[in-house]
Amino acid sequence: MLTFILRRVAAGIVVLCAISFITYVLLYFSSANIARNILGEFASQDQVAAKEVALGLDQPLMTRFFAWAGHAITGDFGTSWFTAEPVVHALENRLPVTLTLVVVAIVLIAICATLLGMAAAVKRGWIDRVVQTAAVVGDAIPGFVIAIVLVTLFAIQLKLFPATSSIVPGAGADVWIASLALPVIALLINGVTGGAQQIRSAVIKQLEKDYVRTLRSRGISEREILFKHVLRSAAPAGLTVLSLQFIGMLGGVVILEQIFALPGMGALAVQSTTMGDIPLVMGVVLYTVVIVIIVNLLVDLINGWLNPKVRVS
Amino acid sequence: MSQPAAASGQTGTVVRSRVITRILKNPLGITAIAILSLMILMAVLANVLAPFDPNFANIGKTLASPDASNLLGTDSVGRDVWSRLVFGARTTLLSALLCATVAIVIGLPTGLIAGYYGGKFDAVANWVVNILMSLPGIIVLLTVRAAFGPSVWISMVAFGVLLSPGYFRLTRTSVQAVRNELYVDAARVAGLSDGSIIARHIFSVVRAPIIIQTAMVCGIAIAIQSGLEFLGLGDPTVATWGVMLSEGFKNVYLNPTLLLWPALAIGLSIGGLVLLGNAVRDALEDGVKIKARKAAPAPAAGGAAPASRADRRKVATVDAGTEHHLVKVSHLGVGYPQADGSVKKVVDDVSFHLDRGEVLGIVGESGSGKSQTAFSILGLLPDNARIVAGCIQFDGNYTVAPGDDVVSQGRVSSLRGKRISYIPQEPMSNLDPAFTIGYQLVTPMMRVLGISKAEATSRAMKLLADVGIVSPERTFKAYPHEVSGGMAQRVLIAGAISCEPDLIIADEPTTALDVTVQADVLDLIRDLQKRLGVGVLLVTHNFGVVSDLCDRVVVMQNGRLVEEGPVREILRNPSDPYTQKLLGSMLEGKEPMTMLVPAGMEA
Amino acid sequence: MKFGPKAASVAAIAAMTIALSACGGGGGTPAGPAAAGTTSLTLASLQDLKSFDTSVAHIGHTMPIFQTAYDSLIQRLPDGKLAPMLATKWEYNADNTVLTVSLRTGVTFSDGAKFDAAAAKANLDYFKKAKGSDAYQVASLGSVDVVDDSTIKITLATPDPAFEYYLTQAAGLMGSPKALGTPEMAAAPDGTGPYVMDKASSVVGSQYVFTKREGYWNADLQKFAKVTIKILPDLTARTNALVSGQIDGALLDPKTGKQAEAAGMKLNSSQVDWQGLLLFDRDGKINPELANVKVRQAINFAFDRKTILEQQYLGQGTVTDQVFGPESGAYVEGLENKYNYDPAKAKSLLAEAGYANGFTLKLPSFTGYEAIVAVITQQLGDVGIKVESVPVPNANVVSDFAAGKFAVAPFQLYQGEPWVAINQMISTTALYNPFKATTPELQAMIDAVHNGGTNSAELAKDVNTYVTDNAWFAPLYRLNQMYYTSKAITVTPQLQQAVPSIYNYAPAK
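The numbers attached to residues start from 1 for each chain and follow its sequence in the written order. Throughout, the order in which chains and ligands are written sets their labels, letters from A for the former and numbers from 1 for the latter. The model is predicted, so local features are restricted to residues of pLDDT at least 70 and side-chain atom pairs to those at 80 or more, both for listing and for counting; the totals for chains, interfaces and linings are taken over all residues.

S.K.: How do you make sense of the overall build of chain A when you look at a structure like this?
M.R.: We count a stretch as a helix when DSSP gives it H or I for four or more residues in a row; a strand needs E for two or more, and each element gets its number in order from the N terminus. A tally of regular secondary structure across chain A gives 13 helices and 0 strands. The linear arrangement of helices and strands in chain A, starting from the amino end, is α-α-α-α-α-α-α-α-α-α-α-α-α. In terms of its C-alpha atoms, chain A occupies a principal-axis envelope of roughly 85 × 55 × 35 Å. Our exposure labels follow a C-beta count within 10 Å of each residue's own C-beta, placed from the backbone: buried means 20 or more other C-beta atoms, exposed means 12 or fewer, and partly exposed covers the counts in between. Relative to its 313 residues, chain A shows a buried fraction of 57%. Each residue gets a C-beta atom placed from its backbone, and two residues are in contact if those atoms lie within 7 Å. Across chain A, the fraction of contacts at a sequence separation of at least 24, relative to all contacts at a separation of at least 6, is 73%.

S.K.: Even after reading the chapter, I still don't get the overall build of chain C, so can you show me in this structure?
M.R.: Scanning chain C from N- to C-terminus turns up 15 helices and 19 strands. For a compact globule the rule gives 2.2 Å times the number of residues to the power 0.38, and the radius of gyration it is set against comes from C-alpha atoms. The C-alpha atoms of chain C give a radius of gyration of 25 Å, which matches the 23 Å a tight globule of 509 residues would have. Along the three orthogonal principal directions, the C-alpha set of chain C runs to about 80 × 70 × 35 Å. Put simply, chain C has 509 residues, and 56% of those count as buried. A separation threshold of at least 6 residues defines the contact pool for chain C, and within that pool the share at least 24 residues apart is 69%.

S.K.: Please clarify how the pairing of strand β5 (residues 397–400) of chain B should be interpreted in this entry.
M.R.: Residues and elements named next belong to chain B. Pairing between strand β4 (residues 386–394) and β5: 3 bridges, direction antiparallel. Following the sheet pairing, Ile 392 is matched in β5 by Val 400. Linking β4 back to β5 in an antiparallel pair, the connection comprises 2 residues, with Asp 395 at a positive phi of about 50°. DSSP calls a pair of strands paired once it identifies at least 2 bridges connecting them.

S.K.: Help me out: how do you make sense of unusual backbone geometry in this one?
M.R.: Leaving glycine aside, a negative phi is the common case for residues, and trans is the common case for peptide bonds. If you check the backbone angles, Lys159(A) has positive phi at about 55° while not being a glycine. Along the chain, Lys159(A) falls in the loop between α7 (143–157) and α8 (173–207). Lys159(A) sits in the partly exposed class, given 15 other C-beta atoms within 10 Å. Positive phi, close to 50°, is recorded for Glu508(B), a residue that is not glycine.

S.K.: Can you walk me through the sheet that holds strand β3 (residues 359–363) of chain B in this structure?
M.R.: Backbone hydrogen bonds are what pair the strands of a sheet, in a parallel or an antiparallel way. Residues and elements named next belong to chain B. As summarised here, the arrangement of the 6 strands in space is β6-β7-β8-β3-β9-β10, forming an open sheet in which the pairing is mixed. One side of each edge strand has no neighbouring strand; the edge strands of this open sheet are β6 (420–423) and β10 (560–566). Neighbour-to-neighbour, the strand axes of the sheet open up by a mean angle of 15°, direction not taken into account. For every element, the axis is a line fit to its C-alpha atoms; helices are fit only across the contacting stretch, and the angle between N-to-C directions ranges from 0 to 180 degrees.

S.K.: I'm lost on the interface of chain A and chain B in this one. Help?
M.R.: Often the size quoted for an interface is simply the accessible area lost on bringing the parts together. Contact residues are listed per partner, giving 56 residues for chain A and 55 residues for chain B. Considering each element in turn, the side of chain A that touches chain B owes the most residues, 10 residues, to helix α10 (residues 222–259) of chain A. When residues are sorted by character, Ala, Val, Leu, Ile, Met, Phe, Trp, Tyr, Cys and Pro go into the nonpolar class, Asp, Glu, Lys and Arg into the charged class, and all the rest, Gly among them, into the polar class. Here the side of chain A that touches chain B is composed, by residue class, of 29 nonpolar, 17 polar and 10 charged.

S.K.: I tried to follow the packing of α7(A) against α8(A) on my own but got confused; where do I start?
M.R.: Relative placement of two packed helices is described by the angle separating their axes and the distance separating the axes. Residue and element names in this part refer to chain A. The contact between α7 and α8 brings their axes to 9 Å, and the two run at 140°. Taken together, the axes of α7 and α8 lie oblique to each other. With respect to the hand of their crossing, α7 and α8 are arranged in right-handed fashion. Of the residues in α8, those touching α7 at Gly 143, Ile 146, Ala 147, Leu 150, Val 151, Phe 154 and Ala 155 are Leu 182, Ile 185, Ala 186, Ile 189 and Asn 190. Here the contact of α7 with α8 is composed, by residue class, of 10 nonpolar, 2 polar and no charged. Roughly parallel refers to an angle under 35 degrees, roughly antiparallel to one over 145, roughly perpendicular to one between 65 and 115, and oblique to any angle outside these ranges. Should the near helix be turned counterclockwise from the far one by less than a right angle, the crossing is left-handed, whereas a clockwise turn marks it as right-handed.

S.K.: Any chance you could explain the pairing of strand β14 (residues 359–365) of chain C here in plain terms?
M.R.: Side-chain direction in a regular strand flips from residue to residue, so the side chains alternate between the two faces of the sheet. All names here are of chain C. The pairing of β14 with strand β15 (residues 385–391) spans 7 bridges and is parallel. Considered in β15, the bridge of Thr 360 is made with Lys 386. Seen with the strands pointing away from the viewer, any crossover whose path from the first strand over the helix to the second strand runs clockwise is right-handed. Handedness of the crossover joining β14 and β15 through helix α11 (residues 370–382): right-handed.

S.K.: Just to check I follow, could you spell out the sheet that holds β5(B) for this structure?
M.R.: Residue and element names in this part refer to chain B. Read from one edge of the open sheet, 4 strands run β2-β1-β4-β5, paired in antiparallel fashion. The open sheet is flanked by β2 (343–354) and β5, the only strands paired with a single partner. Put simply, the sheet's adjacent strands are angled 20° from each other on average, direction ignored. As judged from the 7 bridges shared by strand β1 (residues 327–337) and β4, these two strands associate in the antiparallel manner. Following the sheet pairing, Val 334 is matched in β4 by Ile 387. Running over the sheet, helix α13 (residues 370–378) touches β1, β2, β4 and β5 and is turned about 110° from β1.

S.K.: Please explain the interface of chain C and chain A as it appears in this structure.
M.R.: Counting from both sides, the interface comprises 46 residues of chain C and, opposite them, 48 residues of chain A. Those elements that provide at least two residues to the side of chain C that touches chain A are α1 (5–23), α6 (235–243) and α12 (397–402) of chain C. Of the residues forming the side of chain C that touches chain A, the biggest block, 10 residues, is contributed by α1(C).

S.K.: Explain the confidence of the model for chain A to me, please; I cannot follow it from the model alone.
M.R.: Residues shown with low pLDDT carry predicted positions that ought not to be read at fine detail. Looking at chain A, pLDDT values average 83 and 96% of them are 70 or higher. Predictor confidence is given residue by residue as pLDDT, running from a minimum of 0 to a maximum of 100. In the model of chain A, helix α13 (residues 308–312) of chain A stands out as the element of lowest mean pLDDT, 61, in contrast to helix α5 (residues 87–123) of chain A, which has the highest, 89.

S.K.: Mind showing me how you'd approach the domain arrangement of chain C here?
M.R.: Residue and element names in this part refer to chain C. Split by domain assignment, chain C resolves into domain 1 (7–13 + 272–480) and domain 2 (58–181). An automatic or database domain assignment supplies the start and end points of every domain. Using C-alpha coordinates to define each centre, domain 1 is positioned 33 Å away from domain 2. Contacts between the two partners involve 11 residues from domain 1 and, on the opposite side, 7 residues from domain 2. Counting only elements with at least two residues in the side of domain 1 that touches domain 2, the list comes to α13 (418–425) and α14 (440–450). Considering every element that reaches the side of domain 1 that touches domain 2, the biggest residue donor is α13, with 3 residues.

S.K.: Help me out: how do you make sense of α5(A) in this one?
M.R.: Working note: α-helix, 3.6 residues per turn, so residues spaced by three or four point in the same direction. Residues and elements named next belong to chain A. Under the convention used throughout, the expected extent of a helix is 1.5 Å for every residue step, that is, one less than its residue count. Its 37 residues give α5 an end-to-end C-alpha distance of 51 Å, which sits within 8% of 54 Å, the value for a rise of 1.5 Å per residue. Given a residue, its bend is the angle between the two axes fitted to the seven residues that end at it and to the seven that start from it. At Arg 94, α5 is deflected by roughly 30°, the largest bend along its length, and proline Pro 96 occurs up to four residues later in sequence. Phi turns positive one or two residues past the end of α5, at Arg 124, with a value near 50°.

S.K.: Would you take a moment to explain the environment of Ala508(C) for this structure?
M.R.: All names here are of chain C. Relative to the elements of secondary structure, Ala 508 occurs in the segment after β19 (505–507). The exposure class of Ala 508 is partly exposed, given the 17 C-beta atoms found within 10 Å. For the pair Ala 508 and Ile 489, spaced 19 residues apart in sequence, the C-alpha to C-alpha distance is 4.3 Å.

S.K.: Teacher, can you tell me more about the nonpolar core here?
M.R.: Here is a general trend for soluble globular proteins: nonpolar side chains tend to be buried in one another's company. Residues Ala221(B), Leu537(B) and Leu279(C) are the most contacted members of the largest nonpolar core, which totals 440 residues. Ignoring sequence-local partners within four residues, the contact set of Leu279(C) consists of Leu290(C), Arg296(C), Ile299(C), Val408(C), Ala471(C), Trp472(C), Phe473(C) and Ala474(C). We define a nonpolar core as a collection of buried residues of the types Ala, Val, Leu, Ile, Met, Phe, Trp, Tyr and Cys that are connected via C-beta atoms lying within 7 Å of each other.

S.K.: How do you make sense of the packing of α8(A) against α10(A) when you look at a structure like this?
M.R.: All names here are of chain A. The contact between α8 and α10 brings their axes to 9 Å, and the two run at 155°. Looking at the two axes, α8 sits roughly antiparallel to α10. The crossing of α8 and α10 is right-handed. Taken together, the residues of α10 that come into contact with α8 (itself represented by Pro 183, Ala 186, Leu 187, Gly 191, Gly 195, Gln 198, Ile 199, Ala 202, Val 203, Gln 206 and Leu 207) are Val 230, Ser 233, Ala 234, Ala 237, Gly 238, Val 241, Leu 242, Gln 245, Met 249 and Leu 256. Looking at the contact of α8 with α10 residue by residue, the class counts come to 14 nonpolar, 7 polar and no charged.

S.K.: How should the environment of Lys386(C) be read in this particular structure?
M.R.: Residue and element names in this part refer to chain C. Inspection of the secondary structure assignment puts Lys 386 in strand β15. Distance from Lys 386 to Asp 125, taken between C-alpha atoms, is 50 Å for residues 261 residues apart in sequence. Leave out the neighbours within four places in its chain, and Lys 386 touches Gly 358, Thr 360 and Gly 381.

S.K.: Looking at this model, I keep getting lost on the confidence of the model for chain C. Mind explaining?
M.R.: Residues and elements named next belong to chain C. Looking at chain C, pLDDT values average 88 and 93% of them are 70 or higher. Overall, residues 1–36 carries pLDDT values under 50, and its contacts beyond four positions in sequence, including any with other chains, amount to 62 contacts. Both scores are given for the predicted complex: the pTM is 0.80, the ipTM 0.82.

S.K.: Where do I start with the environment of Arg7(A) in this structure?
M.R.: With respect to the helices, strands and loops of the structure, Arg7(A) is situated in helix α1 (residues 2–29). In sequence terms Arg7(A) and Pro142(A) are 135 residues apart; their C-alpha atoms lie 39 Å from each other.

Here is the structure:
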């Protein structure tokens, strides 16, 4: 078990290094105008040139990368080139918002999708058709359209929730709930039906398994078969889908963060990549990848716990 | 249920059709194809359909309502919305296709090679795939955009690379699954090159999943593209739906329809792609689509199904004088409704009975309806099966009363486990791999007999010892994959007798086992049957097993009962030609025999 | 499972219906009534500041955030007149090179340090040394000398008609001398301003919260107990926040403005920017055609300014043919209507210049300008100039202009004081004159403005006339800044400033 985790962590670190390098190379190609953008439109060409030297933008790619990596290894991600805010500080402020949003949404999606998916698989009939149709509709409506509708209805018309977030560090739970409710609902509407569709397929697949018939023949109640046996075997498929949704959402919340003015990672990502704020982009990418790796590891561990066969190998 | 059993035996045909026909018959499939064809037609005929250049701006006529020259009105710059929508279809669909093509070009060949050859390439490819899948997509796209400019085509190429792992994994898994199939081996032996094997055999396996995946990928590509464009990160000089959406959004308060049209186009296209994917999947998975007839009640799925018509009706009492039979099956017919509304009958007019302590064999080839008959008694027929005729009674009560069209779960579920138990054919797949053997033995006892966990555990230990397992403790704690097939079958037999049933239905209990283990398991069943005095309904194709265990035997062919009688009589004197043939094939030694074949048979 | 997808989709459809009907007009509910005696002010800023370091302070949208915490030496009143602030009196010498400034006494920074002549000198020196985005404001600054505890003497290397104005802007902001250039100051302001930042409630990039400073020297500038500035770059988010009553003021645009008006918000309009084409390549380095003044004039004649303004900005602005604003002092009434829409004339001018068959022009297109680029493309196309638009990421727009990558660019520039405007787009050192185009005649006019002292605005009229006659630009119109406020507050627009100064807000009576 421990060796498994260690091996995965080691693999994760290699992935992290590879992704850092790839991202850095990409950013290298887009770093032509950074000094000018930092200094603003009134700076002279001399100032711009001096700034480029100061930032090391005149150095070759590999020199720059290793200089960055050398600091990053010690946990020093530098400061944003544009705001002079330490990168770690910027991320610490924003990560909780995005993570809360995504985790809450994914938990709700997991619960709702499981219930809906199982209902659709077991009962078939109208509920199945509704889930199937809703899955298509959920896929087809762009997320931001849902968000706009939610804002218009619940924030502007009914004034039940704030139209834009008022999350600040140390804000009470009430503020967090009020600010995140609409974005979470938007994510939920977008994600739940797809998840339910996947759970449905997985459950149907399990229901066709021989052991289900044998369990029935043993007099085990249908409820117990469903919630204990079928769900457990269908869970890995569902977990994989949820983990993919989670990873997708980490980047995908950027649109929601913009509409709801949430101070999250997505907004930071868009801003820093479009500006060419390399230290900040690298910080965002690394944090995101670390989260992705942790989530994947967790999913594998849970799958191992669910499926003893995987556990051994 | 009033399906007249005019023809005897198995009637009707399984309605199979080609995948494409099936998709076309599926209303959702045809809808999807219609939507997508429409979109593609729009894209192809853009030059013909659009009255204006997509960028032609009548600056004096902005945000106009629809009129004769501007079918859908104009946007905020005075460009014709219809023309932009039509040209937008071209760019949007082409870019989605580009994305999918890139993903396929990268993912498919690498997946094929990795799956077919494995080894180092596989390891490296998997590693790369892991990296690609850990990359935060939006951030990569933003970076690519910053580096190479806001071109739709470049972003879609980059996105295609990001999506290629999907194809890689899909192809690799499919190829691995068929790589060692017999027909591939045969092709290899026949001297076909790897290339032609891949082209001929393996590619046909991955074709359908690739189509499904491509539909999904195109949908995702359209969605992500419009998302980026919504954020203002697109290429404003090219008319795409996303650009239109973004433009419409800025003017939503003045003219909401500007948002409506591109949103509708995007929604319909993504929806169409998803539906197409679903339709292809359904066509492949379901094979035969069952058209539920209005007359038939909702399919009953096990005990969770809503009370069917059979449950609600007052249960009829069985014919006087037949109460003493443990099981009595009378004129049973089982059928499956087909897509064309007909019913394929798999069991027809089967009648027999089984008394307490008796062992009855049902013999027949596979497809003769013997298992269907057994499952009718257990009440575990597939959801879409229908009782088309006859009735079944257990211990003097109907489980299928005359006129019922499904097995009454209300009546039979209380019997299952407690009074009727089941020994399946394939031991490994009949144990839940996620739970220990002990758990799977103990739980039914706790539920059915209402005993404590401790008591159930000690009983389970004894049972395991009873079925000849040498170290019950170890087996108790083991997971199914940790024991051998023979051991697993003993566990299943222990499970079948754990709640002291009156009837055990054993469905080919030895077929899946090694020859050496078969005899042991048969011995076990015989011993237990004698000791517990239960009735056993033994379903088998093997006359050797029948002669070994059974008191009486019924022979089935094509869903009909052809012969019934005491074992010895039928073995000595088979009257039906089919029985003679079955016996004959056995004697030719196709199935290795146990030592118990009576000497007289060889005459 | 009660809340199934069906319920959700019903809700969504209902919401869509309401949303659309609201969009149709008339559906919006007015924001909640203003609480009597409002003591808090919440504003939206469409830009975040880089940091609270005074050296990165920048003219424009973020200036009010700085003003909340920092006082400037001179205060610029809403109408553009200068008023004492930390400087009580200032006076030039005869040749406009030495400015003697008397300073207010008894003022302290939020860290307790005293504001005096040494502090003022430290700030100006720091601002010059730090070379922030507005370093051009102190380009002419030679040295600062402390005369006595409350007087400094600023010596300019060369006269700068805009210097007093600069002291109302970034260059005039005064921070605690101990904090200058420190990370602490970057994270939290340390000035003498009317409010102090509440660090615990502030998040970089999201919102800044300020509370009233006790014992501030001028209670008239502290009309609220608390000021919150939310960073809302997204126009929709700003509109939603304002309409739903989360904020009291925000800069919108004519289109979202309709929605705000329906919700009972008040428009405070002012004109700050001109929009049009910058015809950079007057020397014909990229497009030889543009070296010919007739071609540049033809471009000016190609635009139906009135229709564009009407259709694109719902008429919220004033068409113009010159780049100097009416309040700048360099405005020349007679220049208007010089380039009235006349495509026939444009074509004949092109023909006279030898381009009867037109030519091709590359035009950058970027976020926010998609619509106007489409309009320009169409109108130039109509007179025979074919436009190829090149998408440019927004972050690169200004640097691409400055690097001379485009002969012509659509843009929007603020109409500042004449000397500021000249140095922004006309002089050879101006950012928006990337090819350093000039003529001896023009240079002489610019020099006259430079040395013109109090007369410089008047002299700038010649520059204006020259660049208009020679079609250095193709201005289209001055745009109205659509600044909306809730009923809880009132505000006076600030001349030549994107958003009002923080001093201009007051609780509604």
